[in-house]
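Secondary and tertiary structure notes
Now for the letters of each chain:
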Amino acid sequence: TLVSFDKSAMTKFNEMMQAFDNDTGKHDILVNSSYRTYEEQDEVYQIKVDQYSEEYASLFVAMPGYSEHHTGLAVDLTIYTDKNESKTFADNTDYIDWMTSNAHKFGFILRYPSDKTDITKIGYESWHYRYIGKPHAYYMVANNLCLEEYIEALRSFTFDGKHLNITDDEGYKWEIYFVPATGETTEVPVPK
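First things first, this report covers the structure right here in the doc.

About the criteria used
- Residues numbered from 1 in each chain as written.
- Predicted model: local features only at pLDDT ≥ 70, side-chain atom pairs only at ≥ 80, totals over all residues.
- Heavy atoms only, no water.
- Helix = DSSP H or I, 4+ residues; strand = E, 2+ residues; numbered from the N terminus.
- Buried < 20%, exposed > 50% of the residue type's maximum accessible area, 1.4 Å probe, protein only.
- Patch = residues over 30% accessible without salt bridge, like charges linked within 9 Å, V, L, I, M, F, W, Y side chains within 5 Å.
- Areas by Shrake-Rupley, 256 points an atom, 1.4 Å probe, with all protein chains shown as cover.
- Salt bridge = Lys/Arg side-chain N within 4 Å of Asp/Glu carboxyl O.
- Lys, Arg positive; Asp, Glu negative; His and termini not counted.
- Charge placed at Lys NZ, Arg CZ, Asp CG, Glu CD.
- Phe/Tyr/Trp six-rings, centres within 6.5 Å; stacked < 30°, edge-to-face > 60°.
- Axes fitted to C-alpha atoms, helices over the stretch in contact; angles between N-to-C directions.
- Parallel < 35°, antiparallel > 145°, perpendicular 65-115°, else oblique.
- Left-handed = near helix turned anticlockwise from the far one by under 90°.
- Contact = heavy atoms within 4.5 Å.
- Nonpolar A, V, L, I, M, F, W, Y, C, P; charged D, E, K, R; others polar.

**A short note on the environment of Asp-115**
Structurally, Asp-115 can be placed in the loop between strand E4 (108-110) and helix H5 (117-120). Overall, Asp-115 belongs to the partly exposed group, its relative accessible area being 45%. Separated by 66 residues in sequence, Asp-115 and Ala-181 place their C-alpha atoms 31 Å apart.

**What to know about a negative patch on the surface**
Taken together, the side chains of Glu-39, Glu-40, Asp-42 and Glu-43 make up a negatively charged region of the molecular surface. Within the element layout of this structure, Glu-40 appears in helix H2 (residues 38-51).

**Side note on the packing of aromatic side chains**
The description of an aromatic ring pair rests on the distance of the ring centres and on the angle between the ring planes. Enumeration over the complete set of coordinates arrives at 9 aromatic pairs. Residues Phe-20 and Tyr-95 carry aromatic rings whose centres are separated by 5.4 Å and whose planes lie at 35 degrees to one another, so their mutual orientation is tilted. Of the two residues, Phe-20 is situated in helix H1 (residues 7-24) and Tyr-95 in helix H4 (residues 93-102); the sequence distance between them amounts to 75 residues. Classification of Phe-20 by relative accessible area gives buried; the value is 2%.

**Details of the packing of H1 against H4**
Viewed as axis vectors pointing N to C, H1 and H4 meet at an angle of 125 degrees, and their least axial separation amounts to 11 Å. If you check the angle between H1 and H4, you find them oblique. With respect to the hand of their crossing, H1 and H4 are arranged in right-handed fashion. Contacts between H1 and H4 involve Met-16, Met-17, Ala-19, Phe-20, Asp-23 and Thr-24 from the first element and Tyr-95, Trp-98 and Met-99 from the second. A breakdown of the residues in the contact of H1 with H4 according to their chemical character gives 7 nonpolar, 1 polar and 1 charged.

**Comments concerning the side chain of Thr-81**
When you line up the elements, Thr-81 lands in the loop between strand E2 (74-80) and strand E3 (86-87). Look at Thr-81 and you get buried, because its relative accessible area is 13%.

**Digging into the pattern of salt bridges**
A complete count under the given rule lists 12 salt bridges for this structure. Residues Glu-68 and Arg-130 are paired through a salt bridge, measuring 2.8 Å at the closest nitrogen-oxygen approach. Placement of the pair is Glu-68 in the loop between helix H3 (54-60) and E2 and Arg-130 in strand E5 (residues 128-131), with a sequence separation of 62 residues. Taken individually, Glu-68 and Arg-130 each receive the classification buried, so the pair is uniform in this respect. Notably, a salt bridge pairs Asp-168 with Lys-134, separated by 3.6 Å at the nearest N-O pair. Residue Asp-168 is found in the loop between strand E6 (164-167) and strand E7 (173-176), and its partner Lys-134 is found in helix H6 (residues 134-142); the two are separated by 34 residues along the sequence. By the burial criterion, Asp-168 is buried, and Lys-134 matches it. A network of salt bridges, in which partner residues are shared, links Glu-68, Arg-111, Arg-130 and Glu-148.

Keep in mind that these numbers describe shape and distance, not what the molecule does.
Shown next, in the form of structure tokens:
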């Protein structure tokens, strides 16, 4: 199966998988899915509806047009062992533990955590990671935020007001601010 992925995200994902291999000695994580067209997402959604119900499908599969997989920044992972066994992340907490402790260092977040389903409106998916960049991922993990909470928090850090200043685990400093979209074209000021 051909898998498409945003180039920047793919670079960081490959670095993350190399670190996983170095730290654990395991090299059996596979990309199950990444970029999906509208039509592919519709097919995935319809399969879940047919297998279970629309209510169930909406808990674990985004409606076509609303999937993170449309961005090319989301990735679903699975495990395929050297013994030709296919396993899920849910069955292997050591994989989940490593990803929870390290994914943010490469700019990835667990997109649908178990303690945020009331906010994300999607069920816990231990296999679904989203690339958002290191400073954002680091801040979200440090403050136990899901993406919806982080985006809402960013709205209070305007260019003309207080900026969000982050120093990550490697000592890099980041300055983040929000500029609302205005019409067809929005100018984003960049400080010197």
